[in-house]
Amino acid sequence: MTAVTLRSFDGPLTGLRDTRISFNRRNVESGVRLLQGLVDDPSSLMTLARIAAGDADEQRRQDLVNKFDENVITLNRCSGLVLLEMISASGLSWRDIARIGQVSVASVQKWRRGDGMTGANRANMARLAAILQQLPNHMIGEPSAWLEAKVLPNVGVTPLDLLAEGRFDLVLALATGTDTKGEVESVLDDYNVDWRVIFVDNDFTVVKGQDGRPVIVAKR
Amino acid sequence: MNIPLALAVVEVRFPESAPLTDDQVANLKKSLNGRFPIYKHEIRNGFTSTVNYELGTVANSPIVEVLHHFLARSLQTGATLTSKSLVVETTDYKSWLELKKMFVETLGAVNDIVHLDGYQRVGCRYIDEFRLEGADDWASIISPGLVAPSWNAGPQSTKLEAQMFQAIYSTDTVGITSTLRFGQMSGPPVIGSSDYLVRTNLPGESTFFLLDTDCAWQLPQGLPVPPVSIQEISQLSEQLHDLISSAFLMVTTSKFQTSIEAASMK
């Protein structure tokens with residue numbers, strides 16, 4: 001008889017069909033390690049399939065990246081204080097700036113008082129400033145609000161989350177060429193192939209029942 | 001009460017091989033013709049992004065995956081070959097022996113023609129959808145431990161609207177894991193019909209209890225990729241199926257198992 005033990009990580013699915021139930025495990029997922037093999041999971045092809053090769057947006061996206069590169073190079077010449085002023089002018093909170101910079105809020109406050117940034121921190125801030133400068137060019141009127149909004153209604157991922165993990169590339173991808181749900185899903189695939197398990201809210205929602213108490217119902 | 005199995009799958013994954021040539025496809029078609037005379041191919045497009053953080057650049061590369069589907073005339077059973085995997089699946093399950101035979105013979109034919117470099121994962125998966133007519137008294141068919149508790153809310157009556165759970169297990173055999181996904185669901189069936197695998201008598205939207213049992217052996221990190229051995233892969237699939245069988249017996253009540261046996265003998 002084979003003994004089985006409950007374990008704490010997920011793995012790739014067998015076969016061609018992804019019928020994984022959507023769990024909102026984001027808040028309990030810390031420490032969970034996905035199998036390395038998941039990266040090569042052929043089932044992810046099902047979702048990759050939603051982006052067409054030879055995408056007409058490819059050139060537009062490349063132009064965006066080139067523009068971003070130029071902005072970063074230019075902004076790297078600015079002092080840390082100037083970069084912070086530019087960033088804060090966009091409406092982004094100090095807490096969010098600290099999160100993206102992967103430093104404490106206290107560190108950001110020190111920068112504001114004129115304390116020097118390390119080269120890596122300044123490069124991060126230059127990237128953030130560059131993105132914030134660029135977003136309005138892509139029909140994103142309020143960059144800070146856009147960064148805080150979920151990328152899809154039922155997915156617990158925001159562009160801010162991506163920036164906090166250094167995925168400036170994916171935020172650029174979201175800012176352009178993601179006119180359809182499938183395209184956004186492809187960006188999420190690139191972020192984490194298991195996003196449907198980790199970040200998708202349940203297919204069910206809690207609503208106020210007739211008796212005034214919360215009830216679970218299937219989303220329509 | 002229904003016979004619940006909606007889909008059964010056996011799969012082997014291998015190091016990526018070169019795309020099939022037209023000759024190889026023709027030979028495979030010829031070799032598999034007795035069992036799978038219908039050939040369809042599917043192209044899935046995607047892209048992958050490579051980020052150069054030093055330069056701050058992003059390069060997007062297209063990915064094109066070709067899936068070769070070899071199907072039975074019923075279109076309910078088929079084998080799908082990609083550059084990384086062979087999947088044999090059916091929505092018309094007769095028995096494990098038949099499914100395993102089909103898998104082993106198909107793998108043998110593929111290996112004869114494609115000469116696979118080795119194997120890295122073997123998986124076996126059964127997806128059951130339990131339906132009860134006019135009731136959701138799952139306790140009659142599902143073990144009490146898996147059914148959400150009834151909730152006496154005092155003067156207010158309660159009705160279970162949804163339940164979901166996933167349990168992942170390791171085993172004492174290195175590399176073998178098992179995942180159970182189960183719960184009461186409402187809506188369309190999780191296994192539908194497609195151009196590449198048909199499910200007949202497709203249930204409409206309804207309440208059902210899902211049991212998705214996925215057992216797999218994965219090559220542990222650090223170990224060399226073993227060469228393809230039909231016998232070893234067959235034995236692995238047998239081990240995985242044993243796990244799935246024990247999961248089914250664990251999850252369902254003896255009353256239900258008796259009913260299934262009776263129904264299958266008719």
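Above this note sits the structure.
Cut-off values and rules
Residues numbered from 1 in each chain as written. Chains lettered and ligands numbered in written order. Predicted model: local features only at pLDDT ≥ 70, side-chain atom pairs only at ≥ 80, totals over all residues. Heavy atoms only, no water. Helix = DSSP H or I, 4+ residues; strand = E, 2+ residues; numbered from the N terminus. Buried < 20%, exposed > 50% of the residue type's maximum accessible area, 1.4 Å probe, protein only. Contact = heavy atoms within 4.5 Å. Areas by Shrake-Rupley, 256 points an atom, 1.4 Å probe, with all protein chains shown as cover. Pairing = 2+ DSSP bridges. Axes fitted to C-alpha atoms, helices over the stretch in contact; angles between N-to-C directions. Parallel < 35°, antiparallel > 145°, perpendicular 65-115°, else oblique. Salt bridge = Lys/Arg side-chain N within 4 Å of Asp/Glu carboxyl O. Phe/Tyr/Trp six-rings, centres within 6.5 Å; stacked < 30°, edge-to-face > 60°. Lys NZ or Arg CZ within 6 Å of the ring centre and 35° of its normal.

Caption draft 1: Structural detail: the overall build of chain A. In terms of helices and strands, chain A carries eleven helices and three strands. Taken from N to C terminus, the helices and strands of chain A fall in the order β-α-α-α-α-α-α-α-α-α-α-α-β-β. In chain A, buried positions account for 50% of the 220 residues. Considering only intrachain contacts with a sequence separation of at least 6, the fraction spanning at least 24 residues in chain A is 64%. Of the roughly 10,700 Å² that chain A leaves accessible, carbon and sulfur atoms contribute 50%.

Caption draft 2: Expanded view of the pairing of strand S9 (residues 206–218) of chain B. All names here are of chain B. Summarising burial for S9: ten of the 13 residues are buried, a large majority. Relative to S9, strand S6 (residues 121–130) runs antiparallel, the two being bridged by ten bridges. Bridge pairing in S9 places Arg 121 opposite Gln 218. Where strand S8 (residues 176–187) and S9 come together, twelve bridges link them in antiparallel fashion.

Caption draft 3: Quick peek at the side chain of Ser 178 of chain B. Summarising the element assignment, Ser 178 of chain B is placed in strand S8. With near-sequence residues (within four places) excluded, Ser 178 of chain B lies in contact with Ala 167, Ile 168, Tyr 169, Asp 214 and Cys 215 of chain B.

Caption draft 4: Up close: the packing of helix H9 (residues 168–175) of chain A against helix H10 (residues 181–191) of chain A. All names here are of chain A. Where H9 contacts H10, the two axes come as close as 10 Å, and the packing angle between them is 175°. When the axes of H9 and H10 are compared, the pair comes out roughly antiparallel. Contact residues: Leu 170, Ala 173 and Leu 174 in H9; Val 184, Val 187, Asp 190 and Tyr 191 in H10.

Caption draft 5: Summary view of the pattern of salt bridges. Residue and element names in this part refer to chain B. In this structure the tally under the stated criterion is 14 salt bridges over all chains. Glu 105 is paired through a salt bridge with Arg 35; the nearest N and O atoms lie 2.4 Å apart. Pair noted here: Glu 105 is in helix H2 (residues 96–114) and Arg 35 is in the loop between helix H1 (22–32) and strand S2 (38–52), with a separation of 70 residues, a long-range link. Using a relative accessible area of 39% as the deciding quantity, one classes Glu 105 as partly exposed. Salt-bridge contacts for Asp 212 lead to Arg 125; the nearest nitrogen and oxygen are separated by 2.7 Å. Of this pair, Asp 212 sits in strand S9 while Arg 125 sits in strand S6, and the two are 87 residues apart along the sequence. Each member of the salt-bridge network shares a partner with another, and the members are Arg 125, Arg 181, Asp 212 and Asp 214.

Caption draft 6: View of the packing of aromatic side chains. According to the stated counting rule, one finds eight aromatic pairs over all chains in the structure shown. Ring geometry for Tyr 191 of chain A against Phe 199 of chain A: centres 5.7 Å apart, planes inclined by 25°, an arrangement best described as stacked. Phe 199 of chain A matches Tyr 191 of chain A in its accessibility class, with the two residues each being buried. Ring plane angle 50° and centroid distance 5.2 Å describe the contact between Tyr 39 of chain B and Phe 70 of chain B, whose orientation is recorded as tilted. With Tyr 39 of chain B in strand S2 and Phe 70 of chain B in strand S3 (residues 57–71), this residue pair connects regions lying 31 residues apart in the sequence. Taking the ring centre of Phe 168 of chain A as reference, the NZ or CZ of Arg 127 of chain A above it sits at 5.9 Å.

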